[in-house]
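Observations on the model geometry
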Amino acid sequence: MKNIYFPEPFRIKSVEPLTILKREEREKKIEKAGYNVFALAASDVYIDLLTDSGTGAMSSQQWAGVMLGDESYAGADCYYKVQDSAKKIFDMPYIQLVHQGRAAEKVLLPILLSGKKYAISNMHFDTTRAHVELAGARAIDCVVPQALDTTTYYDFKGNMDCERLERYIDELGAENIGVIIMTITNNSAGGQPVSVENIRKTREIAHKHGIKFMIDAARYAENSYFVKQREREFADSTIADIVKATFEGADCFTMSAKKDAIVNMGGLIGCRDSELFELIKQRTISFEGFITYGGMSGRDIEALAQGLNEGLDENYLKYRIGQMEYLAGRLEEGGIPFQSPVGGHAVFVDAKKLLPHIPYYEFPAQALAIELYLEAGIRACDIGSFMLGNDPDTGKQLKADFEFTRLAVPRRVYTQSHLDVIADALINIKERAAKIKGYRIVEEPPILRHFTAKLAPV
Ligand code: F0G
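Residues numbered from 1 in each chain as written. Predicted model: local features only at pLDDT ≥ 70, side-chain atom pairs only at ≥ 80, totals over all residues. Heavy atoms only, no water.

1. Some thoughts on the site of the ligand
Around the ligand there are 17 residues in total, and Thr51, Arg102, Asp216, Ser256 and Lys259 lie nearest to it. Measuring from an oxygen atom of the ligand, one finds a backbone N or O atom of glycine 101 at 2.8 Å. Here arginine 219 contributes a side-chain N or O atom positioned 2.9 Å from an oxygen atom of the ligand. Protein chains shield 93% of the accessible area of the ligand, which is 470 Å² for the free molecule. If one sorts the elements of the shell around the ligand by residue count, helix α4 (residues 101-112) sits on top with three residues. Class assignment for the residues of the shell around the ligand results in two nonpolar, eight polar and seven charged. (Near = heavy atom within 4 Å. Polar contact = N/O pair within 3.5 Å; in protein donor to acceptor, adjacent residues only side chain to side chain. Areas by Shrake-Rupley, 256 points an atom, 1.4 Å probe, with all protein chains shown as cover. Helix = DSSP H or I, 4+ residues; strand = E, 2+ residues; numbered from the N terminus. Nonpolar A, V, L, I, M, F, W, Y, C, P; charged D, E, K, R; others polar.)

Printed below as a string of structure tokens:
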């Protein structure tokens, strides 16, 4: 009997043709791009794993919603629909629309950090870190140590290190900490889940010290699926109930809807406190637009109202995480090292282990991303020292904890055959790994350099 592993709970109605360039053509394209995958034209890419953000395939119901979207400036019908969906899902009384995750951060974080010096998170995503710093505070990461070893199995590698958190609070002073942020799943550690037990404990610590507790909810549905699989208390719960337990007692959340709500653009802020909500609304009007559209067109809001519910469907989540597990399984067979167990939205290949001869300052994860493009037209990205950049004080290259090449898988977009191409490409690269060279930077801007820097082979 064959085990049917991860059946897609959909069929394909509309397709987008892909180009397959020859290797010589790809060599020219990547050279012209200054060996930076962000500078490649998407049409020169065969399988695009740059991000899972805004790259998902919408359902026929969502596309139907695009036609229904009410484009009224104030009080559009779709506004009430999304309010209704979001309030039910998150069990929070106040919901604000914004155009994406970082817009939510831009609106909310300066309010929480006003007069404060620090934000502490299991791990800040890079835009979250940027908005903490723009608000004049420092961002401190406090993930469990198990996350740092890519080879050991641990159910919840995304968790907050609660003991270290308590020590930080003692050392820095609770009055100086504006917010404690739980990022679910923990993207930077490898799309790793956080347990509800850890969320509760972190929230209790925050509240004991009078600090606001916020959730960065970009991948909250994938996190809930892992909780159901791995946390005994929730084995028989519905995904909807796990989401409620996750958000219970949180003061507020930000969310990039471009991930688990399977839309191409959108974001949300939620909170429980009416005074905080007043401040959120005021800043939304200045930066995003009137409160009932928050930087989004009505058609996108309609798709979001629908996508919020589709993203919580257990069969969909089983397929989604199943794709990750399938790809991870093939890589494991092929001896490719990655952050294990695999996370929810991507396989994070451990380039430090695959290319041990390339030092961090010659960017092994970037070198591997370039090889993937040359090998099979696959676009992945560096989550390592190349992305981390230079020390702002000394200008010296920083050494990242991880050198990951991230293979982020868009939702409902690629088939199992595409996943096989990715695995085969990596296995081929492994065979010639010792011959692969590192890169040096020839041109870079001062901040967020990885998007536009130019490189050359060493
Ligand atoms: N928080 C997390 C955990 C994220 O992963 C992202 C985006 C954001 C916030 C910001 O949301 O892009 O809508 O403004 N992550 C994408 C990625 C870009 O590729 O991981 P946004």
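Right, picking up where we left off after that structure.
2. A word on the domain arrangement of the protein
Entries for the protein in the domain assignment read domain 1 (23-52 + 313-457) and domain 2 (60-310). Taking only C-alpha atoms, the centre of domain 1 and the centre of domain 2 are 26 Å apart. The partner domain 2 presents 33 residues to the 27 residues of domain 1 that form the contact. Between domain 1 and domain 2, the buried area comes to about 2,500 Å², and carbon and sulfur atoms account for 55% of it. At the junction of domain 1 with domain 2, the criterion picks out six salt bridges. In this structure, aspartate 260 and arginine 411 form a salt bridge, with 3.3 Å as the shortest nitrogen-oxygen distance. Elements with a minimum of two residues in the side of domain 1 that touches domain 2: α12 (314-333), β9 (346-350) and β12 (404-408). The element that contributes the greatest number of residues to the side of domain 1 that touches domain 2 is α12, accounting for six residues. Residues belonging to the side of domain 1 that touches domain 2 are distributed by class as follows: 10 nonpolar, six polar and 11 charged. (Domains from an automatic or database assignment. Contact = heavy atoms within 4.5 Å. Buried area = accessible area lost by both parts, 1.4 Å probe. Salt bridge = Lys/Arg side-chain N within 4 Å of Asp/Glu carboxyl O.)

3. Regarding the pairing of β9
Burial of β9 is extensive: five of the five residues sit out of reach of the surface. Along β9, one buried face is formed by Ala346, Phe348 and Asp350 and the opposite face, lined by Val347 and Val349, is buried too. With five bridges connecting them, β9 and β12 associate as antiparallel partners. Bridge assignment links aspartate 350 to a residue of β12, and that residue is phenylalanine 404. (Buried < 20%, exposed > 50% of the residue type's maximum accessible area, 1.4 Å probe, protein only. Pairing = 2+ DSSP bridges.)

4. Quick look at the sheet that holds strand β3 (residues 118-121)
In spatial order, the strands read β2-β8-β7-β6-β5-β3-β4; together these seven strands make up an open sheet with mixed pairing. Looking at which strands have only one partner, the edges of the open sheet turn out to be β2 (94-98) and β4 (138-141). Strand after strand, the sheet turns through a mean of 20° between neighbouring axes, direction not considered. As paired strands, strand β6 (residues 212-216) and strand β7 (residues 252-256) are joined by three bridges and run parallel to one another. Within β7, the position partnered with isoleucine 215 by the bridge is phenylalanine 253. (Axes fitted to C-alpha atoms, helices over the stretch in contact; angles between N-to-C directions.)

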